[in-house]
Amino acid sequence: MKNLIILSFFLLFVSNRTSCQTLKEFKFEIDGTINADTGKIYLCFYDEYNFYKLPKLETTVNNNKFSFAGFITEPQGGYILFGNHYMSSDFIIDKEFQTISINIDSTKNVPIVLNNPMQNEFPLFLNFFKQYNIKKNICDQKYDSIYRLNNYQLPEEVKYSKSKELDKLYKEHDKLLLNYTEKNPSSRIAFWKLVHLMDWGYEPIFDSIYNSFSDSLKNGYAGSILKTKILEGKQLSAGKYFPLIPCTDLNNKPFVLDIFKNNKYTLVDFWHSSCGPCRAQFDKLKDLYDQFSTKGFEIVAISSDGKNSQTNWKNVILTKKLIWKQYWDINGIETKKLGINAFPSNYLIDKSGKVITKNISLEELTQLLDSNLGSPKAIEP
């Protein structure tokens with residue numbers, strides 16, 4: 001038995017060493033300037049897509065300057081964090097030497113990066129999406145204005161119209177990305193854009209976008225990870241049966257698929273106790289549960305709280321008086337396997353256990369339940 005363990009370890013070591021040798025290693029260097037005198041600055045990676053699983057590099061700003069250096073096996077998508085208020089949009093980190101200029105007053109914008117993909121392709125990419133970006137900015141400005149005029153709140157009917165408008169825009173964006181990729185199959189800008197989109201959940205069009213990339217991109221380390229993520233995400237696409245997730249409720253009873261059989265609609269809500277937007281939806285969910293739970297509607301919550309957050313998870317359930325089924329996926333292990341990285345995320349399931357849709361807004365859900373389960377009872381003010 002001891003010899004078998006030693007042999008297994010040796011084979012694993014050889015396998016890992018072999019995989020390392022098939023990937024060429026490149027050193028990268030970044031010299032940067034920033035409109036800040038001092039402070040900590042971070043170069044962040046999509047660590048799952050990085051061969052070295054490196055989440056970020058840290059350095060110090062001195063006299064408005066900073067520098068990073070490290071190793072990559074292929075160009076990487078990344079972004080910059082500085083202090084508590086600046087986060088850049090994604091850019092490509094290329095091999096060898098490059099420069100970057102950061103303006104901390106322009107958070108969420110793409111910084112000025114001087115390397116091959118950012119100088120030669122990124123302007124073409126921006127121009128391709130020019131009309132879309134104009135429409136998206138107009139939409140954002142419109143709802144920001146309404147938000148301010150309503151004391152930093154949005155009426156329910158405005159939330160509904162916003163979600164519909166944004167959904168339409170996101171679909172337009174994804175179609176444009178597919179069109180761009182078909183014309184530019186070797187685009188690393190488009191590749192890392194798809195990686196970023198996958199963080200918000202799988203969409204069926206992502207298969208076509210991925211398949212449009214060149215073999216060199218798909219066969220790279222990040223390409224193989226992206227393929228796996230897309231396959232994981234497909235498990236919860238519309239028309240698929242909701243999978244059996246190994247998690248347990250407050251009484252340590254396992255999640256079972258029979259939970260869907262007794263209701264026409266079941267909303268599966270993925271959340272965690274430290275997620276502000278997750279907690280913000282509870283009052284509305286309680287209203288819906290009160291109105292429709294006796295008419296064929298159920299809610300099932302699955303938390304991805306860490307092992308050390310069990311007490312906090314239970315306290316939120318107790319203090320918020322969440323009376324529907326509550327399950328705990330410890331450390332979010334199973335949730336992550338399904339490609340769920342953004343919270344809250346929800347899936348509407350039918351009586352047979354099939355996914356109807358994902359991330360339905362609570363306004364849309366209210367209309368659907370009202371239309372299909374009958375008018376709700378009046379809620380006392």
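To be clear, the structure that these remarks concern was listed above.
Right, let's walk through the structure included here. (Residues numbered from 1 in each chain as written. Predicted model: local features only at pLDDT ≥ 70, side-chain atom pairs only at ≥ 80, totals over all residues. Heavy atoms only, no water.)

Here we come to unusual backbone geometry. Of note, the amide linkage connecting Phe343 to Pro344 takes the cis form, showing an omega dihedral of -5°. Within the secondary structure layout, Pro344 lies in the loop between α12 (333-337) and β14 (345-350). With a phi close to 75°, Lys108 is a non-glycine residue in the positive phi region. Positionally, Lys108 belongs in the loop between β8 (96-102) and β9 (112-114). Exposure remark for Lys108: the relative accessible area of 55% places this residue in the exposed category. Unlike most non-glycine residues, Asn359 shows phi in positive territory, near 50°. Within the secondary structure layout, Asn359 lies in the loop between β15 (355-358) and α13 (362-373). Judged by relative accessible area, Asn359 falls into the partly exposed class, the value being 35%. (Helix = DSSP H or I, 4+ residues; strand = E, 2+ residues; numbered from the N terminus. Buried < 20%, exposed > 50% of the residue type's maximum accessible area, 1.4 Å probe, protein only.)

Quick look at the packing of aromatic side chains now. Under the definition given, this model contains 25 aromatic pairs. Linked through ring pairs, Tyr46, Tyr49, Tyr79, Phe191, Trp192 and Phe213 together constitute an aromatic cluster. Geometry around Tyr42 places Lys56 over its ring, the cationic atom sitting 4.7 Å from the centre. (Phe/Tyr/Trp six-rings, centres within 6.5 Å; stacked < 30°, edge-to-face > 60°. Lys NZ or Arg CZ within 6 Å of the ring centre and 35° of its normal.)

It is at 11 Å that the axes of helix α2 (residues 116-128) and helix α4 (residues 156-183) come closest, and there the two elements cross at 140°. Put simply, α2 runs oblique to α4. For the crossing formed where α2 meets α4, the hand is right-handed. Along its contact with α2, which presents Glu121, Leu124, Phe125 and Phe128, the element α4 presents Leu176, Leu177, Asn179, Tyr180 and Lys183. Partitioning the contact of α2 with α4 into residue classes produces six nonpolar, one polar and two charged. (Axes fitted to C-alpha atoms, helices over the stretch in contact; angles between N-to-C directions. Parallel < 35°, antiparallel > 145°, perpendicular 65-115°, else oblique. Left-handed = near helix turned anticlockwise from the far one by under 90°. Contact = heavy atoms within 4.5 Å. Nonpolar A, V, L, I, M, F, W, Y, C, P; charged D, E, K, R; others polar.)

Our focus in this paragraph is the nonpolar core. Residues Ile34, Leu43, Tyr49, Ile80 and Leu226 are the most contacted members of the largest nonpolar core, which totals 57 residues. Each residue touching Leu43, except ones within four places of it in the same chain, is listed here: Phe28, Ile30, Pro55, Lys56, Leu57, Phe68, Tyr79, Ile80, Phe91 and Ile93. The next biggest cluster of nonpolar side chains, apart from the first, holds 25 residues, and it includes Leu267, Ile299, Leu369 and Leu373. (Core = buried A, V, L, I, M, F, W, Y, C linked by side-chain atoms within 4.5 Å.)

As a further point, take the state of the cysteines. What we call a disulfide is simply a covalent bond connecting the sulfur atoms of a pair of cysteines. Under the criterion given, the structure shown has one disulfide. Each sulfur of the disulfide joining Cys275 and Cys278 lies 2.3 Å from the other. Between Cys275 and Cys278 the disulfide shows an S-S torsion of about 80°. By sign, it is right-handed. Summarising the burial analysis for this pair, Cys275 and Cys278 share the class buried. (Disulfide = S-S within 2.5 Å.)

As paired strands, strand β1 (residues 26-34) and β8 are joined by seven bridges and run parallel to one another. Looking across to β8, one finds that Ile30 is bridged to Gln98. Pairing of β8 with β9, which is carried by three bridges, proceeds in the antiparallel orientation. By the bridge assignment, Thr99 is partnered in β9 with Leu114. (Pairing = 2+ DSSP bridges.)

This paragraph deals with empty space enclosed by the protein. In the structure shown here, the tally under the stated rule is two cavities of 30 Å³ or more. Volume-wise, the largest cavity comes out at about 60 Å³. Around the largest cavity, the lining residues are Asp199, Trp200, Gly201, Gly339, Ile340, Asn341, Ala342, Ser345, Tyr347, Lys358 and Asn359. Of the residues assigned to the lining of the largest cavity, the class counts are four nonpolar, five polar and two charged. (1 Å grid on protein atoms, 1.4 Å probe; cavity = no way out; pocket = protein on both sides within 12 Å on 5 of 7 lines; lining within 4 Å. Points joined across faces, edges and corners; volume = space filled by probe spheres on them.)

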